[in-house]
Amino acid sequence: MKPLILITGGARSGKSTLAEKKALELGENVVYIATAIAFDEGMKDRIKKHRLDRPKNWATVERYKDFSAIVEDESFKASDLILLDCMTLMVTNLMLESNLDFDNCSMEEVDRLEKDIFKEVDELLNIIMDNNKTAIIVTNEVGMGLVPSYRMGNIFRDIAGRVNQYIANKSKEVYFTVSGIEIKIK
Ligand SMILES: Nc1nc2c(ncn2[C@@H]2O[C@H](COP(=O)(O)OP(=O)(O)OP(=O)(O)O)[C@@H](O)[C@H]2O)c(=O)[nH]1
């Protein structure tokens, strides 16, 4: 089985740079899965720069759910490494599109949302495993700061933390990035 690698860290901690460095070392034909949605000009500019900085032979797929749709993609078939950046935005997007009223919803509704999110995570991990790809997943280490003062923030922190634990448990290697420095934690 090809290795699954998780890279976790805070915002601008250098996790995307480390992930790209590792992808260059470990893969030849890389599919980069971007989970971000560009919602403002600053993000659009950052994405443009990321695209220019990536090796020209890498394929880019913009997607944060329904990953089975990429299996028939020629670039996916030809790839040996999948780099997904990042899991936390995937969780954020799935939470936002659920249209749950986070201030008033019941714990049953929150549990259902979490199950739906884990279904998407499992779909991604199964595709990686079934198609024998090396994979690098980037995520944010959330929850090391203040306890969020609003309910959605707390729900997000809990789900994102559990998703990270789940993927870390299945990963062969896990790295934590701090101030541009990587620490191998598994
Ligand atoms: N939609 C889209 N998003 C992209 C593309 N390329 C990169 N991104 C997104 O850009 C984000 C990573 O860039 P940054 O926000 O600058 O980095 P960061 O992860 O916050 O900071 P570091 O820890 O330093 O990597 C990820 O969420 C990617 O999904 C692209 O081609 N399309």
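Predicted, not measured: the structure shown is a model, and the values here were computed from it.

Engineer: Give a description of the layout of surface pockets that names residues and reports values.
Structural biologist: In this structure, the largest pocket occupies an estimated 830 Å³ of space. Surrounding the largest pocket, 31 residues form its lining, R12, S16, R46, H50 and D85 being those nearest its centre. Tallying contributions element by element places helix α2 (residues 41-53) first for the lining of the largest pocket, with seven residues. Its residues assigned to classes, the lining of the largest pocket shows eleven nonpolar, nine polar and eleven charged. Put simply, the second largest pocket is a space of about 180 Å³. For the lining of the second largest pocket, the secondary structure elements donating two or more residues are α5 (107-130) and α6 (151-170). If you tally residues by element for the lining of the second largest pocket, the top one is α5, at five residues.

Engineer: Give me the lowdown on the sheet that holds strand β6 (residues 173-178), citing residues and values where you can.
Structural biologist: Hydrogen bonds along the backbone pair up the strands of a sheet, which may run parallel or antiparallel. The sheet built from seven strands is open, its strands ordered β3-β2-β4-β5-β1-β6-β7 with mixed pairing. Edge strands, defined here as strands with exactly one partner in the open sheet, are β3 (59-62) and β7 (181-184). For this sheet the average axis-to-axis angle between neighbouring strands, irrespective of direction, equals 20 degrees. Pairing geometry for strand β4 (residues 81-85) and strand β5 (residues 134-140), over five bridges, is parallel. Across the sheet, L83 pairs through a bridge with I136, a residue of β5. Contacting β4 and β5, helix α4 (residues 87-97) crosses the sheet at an angle of about 65 degrees to β5.

Engineer: Requested: an account of the pattern of salt bridges, with residues and values cited.
Structural biologist: The final tally for this structure, using the stated rule, is ten salt bridges. K44 serves as the salt-bridge partner of E41, at 3.5 Å between the closest nitrogen and oxygen. Separated by three residues within a single helix, E41 and K44 lie in helix α2, roughly one turn from each other. Ionic pairing is found between E62 and R51, a salt bridge with its closest N-O pair at 3.3 Å. Here the residue E62 occupies a position in strand β3, and R51 occupies one in helix α2, the gap between them amounting to eleven residues. E62 sits in the exposed class, given a relative accessible area of 53%.

What counts, and at which threshold
Each residue is numbered by its place in its chain's sequence as written, counting from 1. In keeping with the model being predicted, local features are shown solely for residues with a pLDDT of at least 70 and side-chain atom pairs are shown and tallied solely at 80 or more, while totals for entire chains, interfaces and linings include all residues. Hydrogens and water molecules were not included; the side-chain quantities draw on all heavy atoms of the structure. Of the grid points, spaced at 1 Å and generated over the protein atoms alone, those admitting a 1.4 Å probe that cannot get out make up cavities, while open sets with protein on both sides within 12 Å along at least five of seven lines make up pockets; any residue with an atom within 4 Å of a point is treated as lining. Grid points are joined across faces, edges and corners, and a volume is the space filled by probe spheres set on the points. For the purposes of this entry, the term helix denotes a DSSP run of H or I that reaches at least four residues, the term strand denotes a run of E that reaches at least two, and both are numbered from the N terminus. Ten residue types, Ala, Val, Leu, Ile, Met, Phe, Trp, Tyr, Cys and Pro, are classed as nonpolar, four, Asp, Glu, Lys and Arg, as charged, and the remainder, Gly among them, as polar. Think of it this way: DSSP has to see at least two bridges between two strands before they count as a pair. Fitted lines through C-alpha atoms serve as axes, helices being fitted only where they are in contact, and the angles separating the N-to-C directions of these axes extend from 0 to 180 degrees. The contact definition used throughout considers only heavy atoms, calling two residues in contact when any of these lie within 4.5 Å. Every case where a carboxyl oxygen of Asp or Glu lies within 4 Å of a side-chain nitrogen of Lys or Arg is listed as a salt bridge. The rule is simple: take the accessible area with a 1.4 Å probe, protein chains only, and divide by the maximum for that residue type; under 20% is buried, over 50% is exposed, in between is partly exposed.

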